[in-house]
Amino acid sequence: MPETVRSAAARTTGTRYGNRPTMKDVAARAGVGLKTVSRVVNGEPGVSPDTERRVQESITALGFRRNDSARILRKGRTASIGLVLEDLADPFYAPLSRAVEEVARAHGALLINGSSAEDPGREQELVLALCARRVDGLVIVPASDDHRYLEPEIAAGVATVFVDRPPGRIEADQVLVDSFAGARDGVAHLIAHGHRRIGFIGDLPRIHTAHERIRGYEAAMAGARLPVHESWLAPGATDPARVRADAERMLDGPEPVTAVFAGNNRVTVTLVRVLAERRRPVALVGFDDFELADMLSPPVTVVAQDPAQLGRTAADLLFRRLEGAHDPPRLTTHPTRLIARGSGELPPHS
């Protein structure tokens, strides 16, 4: 047996995974009572220096760790919150999650997160699993349009804030972005630069943010008295193959678009690749900023939102509820910001 394997085997001989040392083990090794160990662990007075030293030596030798879950459950709080996102891999949610985590950390709480994969059933399963683990509160990016399953948990004291999208069929705190106004302003920007045939490619319309962005696109076109051909409007899944197929159809059809508005960052990234292959320039505005958007050629014009601000606002509101605020559910709506970089300012090709 190689030396490294033999050494590892020697170190792990007798290890029973899942059987952690307890205060009873510490007390037995140190030759003291359980109450004495408890006093040392919790920093309470009434223990002689020599006894404290023996207890600390036993704690170190055994690798004992205090069971915080038992201690905080006795106080009625677990000092943990749950965060349910659409997709942990989506770059949009990274700063949102980090902001929630920082607020939780400032309040001495642990963040537990997971993703619903845009599946209402998976969302409910995950939320209820977090409730079963006695989290104090929840921040949810909802996939479902019916959250009545949460009513017993909220009534039992689980503070709940919805972020990015509103809850379905219940009243609860929510922190949103004005997706309607952002999309309307982005499309109006393309119209102001001379475009009349503008396509929209976005997410599934059953998703609140996607629906609001479609409404914003239609409002901008109607406000300029421009028609919207059925072939110019393409909501659906955001996988690259679908986005590419719809983009090519819009660009090569009998009435090709001269500009495209992208409903989110994943759609924008695919469109950047598609448009780079075209001989004629096509204007592009995307909803959501993304990394290196300013380094492309041309740099990508975006309607930017601040996911970190969304996360901070939602988490601050959650802890405000946990600290006893009982006012009616709040709706907080954050504005967007148009960042003109070049792709949205290209004129229509003749």
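The present account deals with the structure reproduced in this document. Please read all numbers here as calculations on a predicted model, not as lab measurements.

Observations regarding the nonpolar core
- Membership of the largest hydrophobic core comes to 39 residues, with the highest contact counts inside it found for V187, I198, I201, M221, F261 and L271.
- Not counting residues within four places of it along the chain, the set of residues in contact with I201 comprises A234, R242, V243, D246, A247, M250, V260, F261, A262, G263, V267 and L271.

Brief notes about the packing of helix α9 (residues 179-192) against helix α10 (residues 208-223)
- Interhelical geometry of α9 versus α10 gives an angle of 40° and a closest axis separation of 7 Å. In this structure, α9 crosses over α10, and the sense of that crossing is right-handed. Residues S179, F180, A183, R184, V187, A188 and I191 of α9 form the contact with α10, whose participating residues are T209, E212, R213, R215, G216, Y217, A219, A220 and M221.
- Residue classes in the contact of α9 with α10 are distributed as nine nonpolar, three polar and four charged.

With respect to the layout of surface pockets
- Quantified by volume, the second largest pocket comes out at close to 320 Å³.
- Along its surface, the second largest pocket is lined by 17 residues, and I154, A159, T160, R321 and A325 are the ones closest to its centre.
- Residue assignment for the lining of the second largest pocket shows that the elements contributing at least two residues are β4 (159-163) and α13 (307-322).
- Here the lining of the second largest pocket is built from residues that sort into eight nonpolar, four polar and five charged.

Thoughts on the packing of aromatic side chains
- Going through the model one piece at a time under the given rule, you end up with three aromatic pairs.
- Taken together, a centroid distance of 5.5 Å and an interplanar angle of 45° make the contact between F200 and Y217 tilted. On the criterion of sequence distance, the pair formed by F200 in strand β6 (residues 198-202) and Y217 in helix α10 is long-range, its members being 17 residues apart.
- According to the relative accessible area criterion, F200 is buried, its value standing at 1%.
- Ring centres of F200 and F261 lie 6.0 Å apart, and the angle between their planes is 20°; this geometry places the pair in the stacked category. Pair noted here: F200 is in strand β6 and F261 is in strand β8 (residues 259-262), with a separation of 61 residues, a long-range link.
- Accessibility expressed as a relative area gives 0% for F261, which makes it buried.
- Taken together through their ring pairs, the aromatic side chains of F200, Y217 and F261 make up a single cluster.

What counts and how
- Residues numbered from 1 in each chain as written.
- Predicted model: local features only at pLDDT ≥ 70, side-chain atom pairs only at ≥ 80, totals over all residues.
- Heavy atoms only, no water.
- Core = buried A, V, L, I, M, F, W, Y, C linked by side-chain atoms within 4.5 Å.
- Buried < 20%, exposed > 50% of the residue type's maximum accessible area, 1.4 Å probe, protein only.
- Contact = heavy atoms within 4.5 Å.
- Axes fitted to C-alpha atoms, helices over the stretch in contact; angles between N-to-C directions.
- Helix = DSSP H or I, 4+ residues; strand = E, 2+ residues; numbered from the N terminus.
- Left-handed = near helix turned anticlockwise from the far one by under 90°.
- Nonpolar A, V, L, I, M, F, W, Y, C, P; charged D, E, K, R; others polar.
- 1 Å grid on protein atoms, 1.4 Å probe; cavity = no way out; pocket = protein on both sides within 12 Å on 5 of 7 lines; lining within 4 Å.
- Points joined across faces, edges and corners; volume = space filled by probe spheres on them.
- Phe/Tyr/Trp six-rings, centres within 6.5 Å; stacked < 30°, edge-to-face > 60°.

Function-wise, these values are silent; they only describe arrangement.
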